[in-house]
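Commentary on secondary and tertiary structure
The lines below spell out each chain.
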Amino acid sequence: MAATSSEAIMIELEKEGWEWIRSERFHKKEKEEAKKREANNPMKICVLKYDHFENIHKLDPKLPAYEGAPNFRQVPGYLVFGTGQPTKDGFLNALKFIFTEAGAQKCLWTSMRQEPVVYLNGQSFTPRLSDRMNENMEFPGASGDDIEWLQDQFVGSIKAKVEAVKNDRYAQDEDKGKVLYYRDTYAEHPEDRKNIEYTVHLDNDEDLVTLSGLYKQLKQIDDSFNLDYARMPIVDEKAPRECDFDAMVEELRGVDANTACVFNCQMGKGRTTTGMIVACLIKDLVQAGEVKDFPLLKADKNELPDPEEFLDEEHKFGNYEVMERLYKYIPEARQGKAHVDHIIDLCGTPKEGGTGLQNLRECIQWTEEKFNFEPKLKKPFWKQMSKNFIERYCYLIMFATYLRERAPRELDISFTLWMDIRAEIREIIVHGARDFNFM
């Protein structure tokens, strides 16, 4: 479409360097985008869902527990921690341990959650759609700033609803100031979870804040906490995107040895463990700057002559067919896998030498067990989860391989560019995940 005469004049003036014209056009476009975003704001129709479900704390009972910080733990030998979304008191308990007992001088706390998080009376909540309350909302491609905006909007929406009831002369006095929320009974399959309705009073505006607002409150409570925070939005139970790995590198590469790196998601399981693994790899290869060899995990046919038992052990060690295709293209991936397997075990459960909730290699085999024994109606859920998990595992191996190669060269190229150069790897992973059949 041809430009109008006034637009043509502005374009010409802009070409001649009239910065105020460029600025005016930019601000006009910015206002239009803000108006469009507000019109499509999903927070207006969301309900409030309580983060903590029954039995959210799943760590081995022999490990220490910290009130309000479910599944808080430290990777053995690393100043790296993981936790479920803490309450306000849970944050304080975790930070006290990090600075007093673990000896950290600084803390970088990274939320791996893509879903917005708000705090009401010191407890954490997320928005959910009323007809899909058992599923996290997904915002593909959302940046940390996008999630911050959604959090602000959600807080504003809750306060507006409370205010509307207060100003309604027909509303019962006992209903004024109440906030409705839901809490579920946990089950592995979302359809098996039951939601129960509750209410809580919002007495003061400062009692309802975004996650960022809570971080600021924590610093005010104890100014000895040398705390920085970051947002790394990852979709639940899925592999980080290549740009997400690059963002984590940028966030963590300058962290010194005395800085604690803490990661959390809702429960402190998949996304949290992914962040912990990435941090440990960066501490090994970027901060320590030493590329070591690690033993390859391999089943022994002499010890397991039965073919079915041997294959079962191979899968426990993450030796699937897609791995052989990756090794054929990039042989260095064998040591990348060996290194990441070592870290996965440290971040995994006590039986592998870790302190965590989930082994990100063995959970692939776990989805096979679920697929085999669950009713037919639930099988597609577990099949899709297995595909997500094998893709995540492949990407962790490739990321470790990238770091082992490029860290000695001061990370001269990004992980995304490294993958661009080896575009066939993407095809191998995509097809490997799409066609994955537990082999």
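Residues numbered from 1 in each chain as written. Predicted model: local features only at pLDDT ≥ 70, side-chain atom pairs only at ≥ 80, totals over all residues. Heavy atoms only, no water.

**Here we look at the overall build of the protein chain**
On a plain count of helices and strands, the protein chain comes out with 14 helices and eleven strands. Taking 22 Å as the expected radius of gyration for a compact globule of 439 residues, we find that the protein chain reaches 24 Å, a close match to that expectation. Total accessible area computed for the protein chain in this model is approximately 21900 Å², and 50% of it derives from carbon and sulfur atoms. Of the charged side chains in the protein chain, 61 are positive and 78 negative; the average position of the first set lies 2 Å away from that of the second. (Helix = DSSP H or I, 4+ residues; strand = E, 2+ residues; numbered from the N terminus. Rg over C-alpha atoms; globule rule 2.2 N^0.38 Å. Areas by Shrake-Rupley, 256 points an atom, 1.4 Å probe, with all protein chains shown as cover. Lys, Arg positive; Asp, Glu negative; His and termini not counted. Charge placed at Lys NZ, Arg CZ, Asp CG, Glu CD.)

**Quick word on the pattern of salt bridges**
One pass over the structure, following the stated rule, counts 28 salt bridges. Notably, a salt bridge pairs R253 with E250, separated by 3.3 Å at the nearest N-O pair. With relative accessibility at 32%, the residue R253 sits in the partly exposed group. Measuring nitrogen to oxygen at the nearest pair gives 4.0 Å for the salt bridge that ties K370 to E374. Here K370 and E374 have matching classes, each one buried. Each of the salt bridges in this network shares a partner with another, and the network as a whole consists of K337, D341, D345, K351, E352, R361 and E362. (Salt bridge = Lys/Arg side-chain N within 4 Å of Asp/Glu carboxyl O. Buried < 20%, exposed > 50% of the residue type's maximum accessible area, 1.4 Å probe, protein only.)

**Quick notes on the pairing of strand β6 (residues 123–129)**
By the criterion of burial, β6 is predominantly enclosed, with five of the seven residues buried. In terms of strand pairing, strand β1 (residues 46–50) meets β6 through five bridges, oriented antiparallel. In the sheet register, K49 faces β6, and the bridge partner there is T126. Remark: two residues form the turn of the hairpin made by strand β5 (residues 118–120) and β6, two consecutive strands paired antiparallel; N121 in that turn has positive phi of roughly 55°. (Pairing = 2+ DSSP bridges.)

**Overview of the packing of aromatic side chains**
Counted by the stated rule, this structure contains 26 aromatic pairs. When the centroid spacing of 5.2 Å and the interplanar angle of 50° are considered together, the rings of Y50 and F125 count as tilted. Residue Y50 is located in strand β1, and its partner F125 is located in strand β6; the two are separated by 75 residues in the primary sequence. This pair shows no difference in class: Y50 is buried, exactly as F125 is. A ring pair is formed by F81 and F97, whose centres lie 6.3 Å apart and whose planes are at 80°; its orientation type is edge-to-face. Note that F81 is positioned in strand β3 (residues 80–83) and F97 in helix α3 (residues 88–101), a separation of 16 residues in sequence. Residues F81 and F97 agree in their burial class; the two are buried. Feature note: the residues F245, Y395, F399, Y402, F415 and W418 constitute an aromatic cluster, connected by ring pairs. Here K301 stacks its cationic end above the ring of F310, 5.3 Å away from the centre of that ring. The ring of F371 is capped by K379, whose NZ or CZ atom sits 4.9 Å from the centre of that ring. (Phe/Tyr/Trp six-rings, centres within 6.5 Å; stacked < 30°, edge-to-face > 60°. Lys NZ or Arg CZ within 6 Å of the ring centre and 35° of its normal.)

**Thoughts on the sheet that holds β3**
Read across the sheet, five strands follow the order β2-β3-β11-β4-β10 without closing on themselves; strand pairing throughout is mixed. Where the open sheet ends on each side, the last strands, each with one partner, are β2 (73–74) and β10 (227–234). The pairing of β2 with β3 spans two bridges and is antiparallel. Along β3, the bridge assignment pairs R73 with G82.

**Overview of unusual backbone geometry**
For N71, which is not a glycine, the phi torsion comes out positive at approximately 65°. Among the residues examined, N71 registers a relative accessible area of 0% and is labelled buried. Of note, the phi angle at L411 is positive, near 50°, even though the residue is not glycine. Relative to the helices and strands, L411 resides in the loop between α12 (379–406) and α13 (415–421).

**Quick word on the packing of helix α7 (residues 270–287) against helix α10 (residues 333–347)**
At a minimum axis separation of 10 Å, α7 and α10 run at an interaxial angle of 125°. The orientation of α7 relative to α10 falls into the category oblique. With respect to the hand of their crossing, α7 and α10 are arranged in right-handed fashion. Along the contact surface, α7 presents T273, M276, I277, C280, L281, D284 and L285, while α10 presents H339, V340, I343, I344 and C347. (Axes fitted to C-alpha atoms, helices over the stretch in contact; angles between N-to-C directions. Parallel < 35°, antiparallel > 145°, perpendicular 65-115°, else oblique. Left-handed = near helix turned anticlockwise from the far one by under 90°. Contact = heavy atoms within 4.5 Å.)

**Quick notes on the side chain of E362**
Here E362 shows up in helix α11 (residues 362–373). Residue class for E362 comes out buried when judged on its relative accessible area of 14%. Polar side-chain contacts of E362 include one of 2.7 Å to the side chain of K351. Setting aside chain neighbours within four positions, we find E362 in contact with K316, K351 and E352. (Polar contact = N/O pair within 3.5 Å; in protein donor to acceptor, adjacent residues only side chain to side chain.)

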